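# Descriptive structure summary
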Amino acid sequence: MRRYSVLALLRESLTGHRGWERAWEDATPKSEYDVVIIGGGGHGLATAYYLAGQHGITNIAVLEKGWIGGGNTGRNTTIVRSNYLWDESARLYDHAVKLWEGLTDDLNYNVMFSQRGVLNLAHTLGDVREGQRRVNALQLNGVDSEWLDTAAVKRFCPPLDVGAHARYPVLGGTLQRRAGTARHDAVAWGYARAASARGVDIIQNCEVTGLVRDGARVTAIDTSRGRIRAGKVGMAVAGHSSVLADMAGFRLPVESHTLQALVSEPIKPVLDCVVMSNAVHVYVSQSDKGELVIGAGIDEYLSYAQRGSFPVIEHQMGALLALFPSFSRLRMLRSWGGTVDISPDASPIIGRTPIDNLYINCGWGTGGFKATPGSGHVFAHTIARGEPHPLAAPFALDRFTSGRLIDEHGAAAVAH
Ligand code: FAD
Ligand code: PYC
């Protein structure tokens, strides 16, 4: 990968920006690959990057039906944290946070990871008990987490209304200081560029339309750009996982839902942390551009349309203004939605499928952006070795028949 100097930047700015290299090759599909990854979101791209860099497999294609990062990777609200309750999840998500901490250097691409702290508010006695239990569980797992009382919450986040008159009293909150945000599309671009430099074919506008099976194996993939033979196949298609599983001939226990978000007009810096409230269904942070990035729970209206409905916006604005009355004069700029894949225990599914050489990575639901590097890392290991990475093993599909569920509905921080 080429590194550009300040001189090159100057030269390009004076000569019309005609000399920049493409960030990644726009590959034409070959007839056969050792590994095909379906889905050019962060998880698929990261998987390809680690397969090529750590497992010596370089004849890899990533097939994306639209443009890379055009799914949930480029539509999320960029929150990264690892404050999950159960041991299995705390280990998996904290593995990701550790990778985030070195990701900009690793990819030689600025993913703008900002560890500004994520505060989860408690408004009821039940929230307080749940939050304090979570802090204890996280500390036992070596994950940083603190309980803040009301006064400490106010010191950490001054614009928040914690007064006695507040509609939603703030009784405290949990804080993870290592948590924060990252620039979501830079994550897709950074992984794509780095994977391409390792020889991976990134193929956009290539929709998978069918999987060709010979008994218990997938032999080829039908796409809008022709048939491609594959030694192994990894699926990382988020909200379309059940559609792809259906093509392969098995069923997944996931539901697809719309999750929407919106941004305000840009303003000067007013909020230097992330604030989330499960109980009132709103969360907010401020982007580097100055926009407030605001989200809520999932939409009740089912669709693949990647847009949400108005009642959710109305509710989340009411909740936001109750917590931050000073935001009341802000105008909202635009809203969008993504299709997320929710599993029964709100935990991901990573590993083997009933088809021998087909591997699945899905069920991240409303919270998979934070896991992107960790997910790609353990999924690459799982595909390369044909057996789960130890951190991925508890998240196998068979937990829905064995009953070893990992219930993380409380950690999702987004109602569903
Ligand atoms: P995606 O980025 O969706 O990639 C899957 C890709 O597969 C897509 O690009 C799609 O086009 C492609 N695809 C589908 N079908 C086919 C096919 N037949 N052929 C070829 N390609 C196909 N998570 C957090 O951790 N923090 C947050 O703050 C957060 N906020 C969110 C806010 C919103 C509004 C939304 C919608 C989600 C949010 N999430 C958040 C969840 C997070 O975005 C996802 O869990 C994560 O991005 C999933 O990444 P992925 O790579 O698996 O999926
Ligand atoms: O998982 O932190 C999260 C999240 C925030 C908004 C949507 N998901």
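Structure: see above.
Below is a short write-up of the structure. (Residues numbered from 1 in each chain as written. Chains lettered and ligands numbered in written order. Predicted model: local features only at pLDDT ≥ 70, side-chain atom pairs only at ≥ 80, totals over all residues. Heavy atoms only, no water.)

It is worth spelling out the pairing of strand β17 (residues 349-352) at this point. Note that β17 and strand β18 (residues 358-362) share four bridges and pair antiparallel. Across the sheet, residue isoleucine 349 finds its bridge partner in β18, namely cysteine 362. Joining the antiparallel neighbours β17 and β18 is a turn of five residues. (Pairing = 2+ DSSP bridges. Helix = DSSP H or I, 4+ residues; strand = E, 2+ residues; numbered from the N terminus.)

Surrounding ligand 1, one finds 38 residues, the nearest of these being Glu64, Asn72, Thr73, Gly368 and Lys370. Note that an oxygen atom of ligand 1 is positioned 2.8 Å from one of the backbone N or O atoms of asparagine 72. Between an oxygen atom of ligand 1 and a side-chain N or O atom of threonine 73, the distance comes to 2.6 Å. Burial of ligand 1 by the protein chains amounts to 96% of its free accessible area of 1,000 Å². Sorting the residues of the shell around ligand 1 by element identifies α2 (42-54), β12 (255-264) and β16 (332-342) as the ones contributing at least two each. For the shell around ligand 1, the element with the most residues is β12, which contributes three residues. Of the residues contributing to the shell around ligand 1, the split by class is 15 nonpolar, 18 polar and five charged. (Near = heavy atom within 4 Å. Polar contact = N/O pair within 3.5 Å; in protein donor to acceptor, adjacent residues only side chain to side chain. Areas by Shrake-Rupley, 256 points an atom, 1.4 Å probe, with all protein chains shown as cover. Nonpolar A, V, L, I, M, F, W, Y, C, P; charged D, E, K, R; others polar.)

Tallied over the entire structure, the rule returns 14 salt bridges. One salt bridge connects arginine 178 with aspartate 94, and the closest N-O pair in it is separated by 3.1 Å. In this pair, arginine 178 is assigned in the loop between β6 (172-176) and β7 (180-181) and aspartate 94 in helix α3 (residues 87-107), connecting sequence segments 84 residues apart. With its nearest N and O atoms 2.7 Å apart, the salt bridge here joins arginine 399 to aspartate 345. On the criterion of sequence distance, the pair formed by arginine 399 in helix α10 (residues 399-402) and aspartate 345 in the loop between β16 and β17 is long-range, its members being 54 residues apart. With respect to burial, arginine 399 and aspartate 345 carry one shared label: buried. A network of salt bridges, in which partner residues are shared, links Asp94, Lys98, Glu101, Asp144 and Arg178. (Salt bridge = Lys/Arg side-chain N within 4 Å of Asp/Glu carboxyl O. Buried < 20%, exposed > 50% of the residue type's maximum accessible area, 1.4 Å probe, protein only.)

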